[in-house]
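If you want the building blocks of each chain, they are given just below.
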Amino acid sequence: QVQLVESGGGLVQAGGSLRLSCAASGLTFSNYAMAWVRQAPGKEREFVAAISWGVRSTYYADSVKGRFSISRDNAKKTVYLEMNSLKPEDTAVYYCAARGSRLPVVTTISGYDYWGQGTQVTVSS
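Parameters and conventions
- Residues numbered from 1 in each chain as written.
- Predicted model: local features only at pLDDT ≥ 70, side-chain atom pairs only at ≥ 80, totals over all residues.
- Heavy atoms only, no water.
- Helix = DSSP H or I, 4+ residues; strand = E, 2+ residues; numbered from the N terminus.
- Buried < 20%, exposed > 50% of the residue type's maximum accessible area, 1.4 Å probe, protein only.
- Phe/Tyr/Trp six-rings, centres within 6.5 Å; stacked < 30°, edge-to-face > 60°.
- Lys NZ or Arg CZ within 6 Å of the ring centre and 35° of its normal.
- Pairing = 2+ DSSP bridges.
- Contact = heavy atoms within 4.5 Å.
- Salt bridge = Lys/Arg side-chain N within 4 Å of Asp/Glu carboxyl O.

**A look at unusual backbone geometry**
Inference 1: Positive phi values are uncommon outside glycine, yet Arg-56 reaches one of about 60°.
Inference 2: With respect to the helices, strands and loops of the structure, Arg-56 is situated in the loop between strand 5 (46–51) and strand 6 (58–60).
Inference 3: Taking the relative accessible area as the measure of exposure, Arg-56 reaches 39% and is therefore partly exposed.
Inference 4: Located in the positive-phi region is Ser-85, a residue other than glycine, with phi close to 50°.
Inference 5: With respect to the helices and strands, Ser-85 occurs in the loop between strand 8 (78–83) and strand 9 (92–98).
Inference 6: By relative accessible area, Ser-85 is classed as partly exposed at 41%.

Okay, structure coming up:
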């Protein structure tokens, strides 16, 4: 079955950086659009970034544009989220998600079929 396992979360001061990783198994990774979604305490899940399969087009929420970068390594079946200039409002559980095989990338959370368990990111002021 499909498994997505996130890692790399932690506690960081405002202005700092973190790199999240999501290792995938049970799927032909190169055929799947991937996304990062976050959920802050008491709030709904929020789209953060996505990367398409194939040409690897990238998409970002306005709140993270210019600070976060999504990338993928198909050989390692891993997607990354490089987070720079972190702010306290970036504090959330970050989830990795995969969309169905060979489907176009989307920025709507409901478009993703498989989810990881999440990793906590806490940014202190």
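We are not done yet, so read on.
**Describing the packing of aromatic side chains**
Inference 1: Applying the stated criterion across every chain yields a total of one aromatic pair.
Inference 2: A cation sits over an aromatic face here: Arg-45 above Tyr-95, 3.9 Å from the ring centre.
Inference 3: The side chain of Arg-72 reaches across the aromatic face of Phe-29, ending 4.5 Å from its centre.

**What to know about the pairing of strand 9**
Inference 1: For strand 9, the tally of buried residues reaches six of seven residues, placing the bulk of the element in the interior.
Inference 2: Across six bridges, strand 4 (residues 34–39) lies against strand 9 in antiparallel orientation. Following the sheet pairing, Arg-38 is matched in strand 9 by Tyr-94.
Inference 3: Across three bridges, the pairing between strand 9 and strand 11 (residues 119–124) is antiparallel. Following the sheet pairing, Val-93 is matched in strand 11 by Gln-120.
Inference 4: The sheet contact formed by strand 9 and strand 10 (residues 114–115) spans two bridges and is antiparallel. Considered in strand 10, the bridge of Ala-97 is made with Trp-115.

**Looking at the environment of Leu-81**
Inference 1: Relative to the assigned elements, Leu-81 resides in strand 8.
Inference 2: The spacing of Leu-81 and Phe-68 is 13 residues in sequence and 6.7 Å in space, taken between C-alpha atoms.
Inference 3: Setting aside residues no more than four positions away along its own chain, Leu-81 makes contact with Leu-18, Arg-19, Leu-20, Trp-36, Val-48, Ala-49, Phe-68, Ser-69, Ile-70 and Tyr-94.

**With respect to the pattern of salt bridges**
Inference 1: Under the defined criterion, the tally for this structure stands at five salt bridges.
Inference 2: One salt bridge in this structure joins Arg-19 and Glu-82, with 3.8 Å as the shortest N-O distance. You can see Arg-19 sitting in strand 3 (residues 18–25) and its partner Glu-82 sitting in strand 8, a full 63 residues away along the chain.
Inference 3: According to the relative accessible area criterion, Arg-19 is partly exposed, its value standing at 45%.
Inference 4: Glu-82 gets classed as partly exposed once you look at its relative accessible area, which sits at 29%.

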